[in-house]
Amino acid sequence: MDESSLEKRPVPLTKSRPAARPQAAPPAPAAPALRASDADRDRIADILREALAEGRLTADEHADRVDAVYRARTVAELEPLVRDLPAATGARPAAGPGPVDPYEAPPALAENLVAVFGGATRRGRWRAGGRLNAFALFGGVEIDLTEALFEQRTVVINTWALFGGVDIKVPENVSLRSTGTGIFGGFDVDGHESPDEGAPAVLITGWALFGGVMAKARRGKRVRDLRAAG
């Protein structure tokens with residue numbers, strides 16, 4: 001075949017594609033917030049108590065922060081409450097060796113008092129740990145701390161009163177606070193701050209639904225008198 005008879009066909013030009021850029025990996029999901037434990041809340045409450053005793057916080061500031069402590073669900077919610085205090089920043093000088101403070105004992109397991117169509121009572125000379133749970137369903141729970149030995153500086157009493165009642169008595173020189181709520185019921189806590197430095201604090205939390213929670217100081221009963229007697 002004659003070469004002149006061949007048609008000169010255009011050779012298609014192919015464009016080279018640019019090299020594909022590697023796609024960035026999707027951002028890793030944020031780690032879930034660390035949940036706060038009861039021990040975490042008690043530790044922050046102890047720092048706030050020390051700040052109140054040293055005059056770094058007013059009574060109102062202390063009460064507001066303690067309320068926030070026991071409503072906190074994560075560690076991140078607890079940290080801002082003590083960010084401006086020495087115990088949290090490391091500015092507090094280290095304490096030298098000294099006598100063991102019985103209030104600084106490690107927190108014990110919570111004690112449970114349950115009353116269902118009946119009653120449950122804790123009174124007399126007994127050791128009150130850092131946490132108590134009281135549940136009353138068509139029944140009544142009585143907690144009398146007037147002769148108790150306080151093993152912790154802060155005692156938290158979680159209450160649930162459903163068509164029942166929880167009655168709490170404390171010595172008159174103990175701080176009494178509340179963050180509880182009544183729904184179609186009453187949450188009556190006669191709160192006050194103790195004038196005695198180093199006195200324990202009792203915090204009442206929980207719910208009263210068609211029931212009632214009452215807490216008040218018993219006049220004439222004081223923690224230091226009981227300690228001296230013991």
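Refer to the structure above for everything that follows.
Quick look at the structure, then. Keep in mind it's a predicted model, so treat the numbers as computed, not measured.

**Focus: the overall build of the protein**
Summing up its helical and strand segments, the protein has five helices and 13 strands in all. Evaluated residue by residue, the protein yields a buried proportion of 36% over its 230 residues. The contacts in the protein between residues at least 6 apart in sequence include a share of 68% that link residues at least 24 apart. Of the roughly 14300 Å² of accessible surface on the protein, a fraction of 56% belongs to carbon and sulfur atoms.

**Some details on the pairing of strand 4 (residues 131-137)**
In terms of burial, strand 4 is a largely internal element, five of the seven residues being buried. In this structure, strand 1 (residues 111-116) lies alongside strand 4, joined through six bridges in parallel fashion. What sits directly across from Asn112, in strand 4, is Asn133.

**What to know about helix 2 (residues 59-69)**
Inspection of helix 2 places His62, Arg65, Val66 and Val69 among the buried residues, and these make up the whole buried set. For helix 2, the angular spread of buried residues about the axis comes to 100°, placing them on one side. Exposed residues pointing more than 90 degrees away from the buried face of helix 2 are listed as Asp60 and Asp64.

**Comments concerning a nonpolar patch on the surface**
A contiguous nonpolar patch, built from Val114, Val116, Phe117, Phe138, Trp160, Phe163, Ile183, Phe184, Trp207, Leu209 and Phe210 and spanning about 1200 Å² of accessible area, is present on the exposed surface. Breaking the nonpolar patch down by element, the ones donating at least two residues are strand 1 and strand 12 (201-209). Structurally, the position occupied by Phe163 is in the loop between strand 7 (154-162) and strand 8 (165-171). Note on Phe163: relative accessible area 43%, which makes it partly exposed.

Definitions and cut-offs
Residues numbered from 1 in each chain as written. Predicted model: local features only at pLDDT ≥ 70, side-chain atom pairs only at ≥ 80, totals over all residues. Heavy atoms only, no water. Helix = DSSP H or I, 4+ residues; strand = E, 2+ residues; numbered from the N terminus. Buried < 20%, exposed > 50% of the residue type's maximum accessible area, 1.4 Å probe, protein only. Contact = heavy atoms within 4.5 Å. Areas by Shrake-Rupley, 256 points an atom, 1.4 Å probe, with all protein chains shown as cover. Pairing = 2+ DSSP bridges. Arc of directions from axis to C-beta. Patch = residues over 30% accessible without salt bridge, like charges linked within 9 Å, V, L, I, M, F, W, Y side chains within 5 Å. Salt bridge = Lys/Arg side-chain N within 4 Å of Asp/Glu carboxyl O.

It is worth stressing that arrangement in space is one thing and function is another; only the former is reported here.
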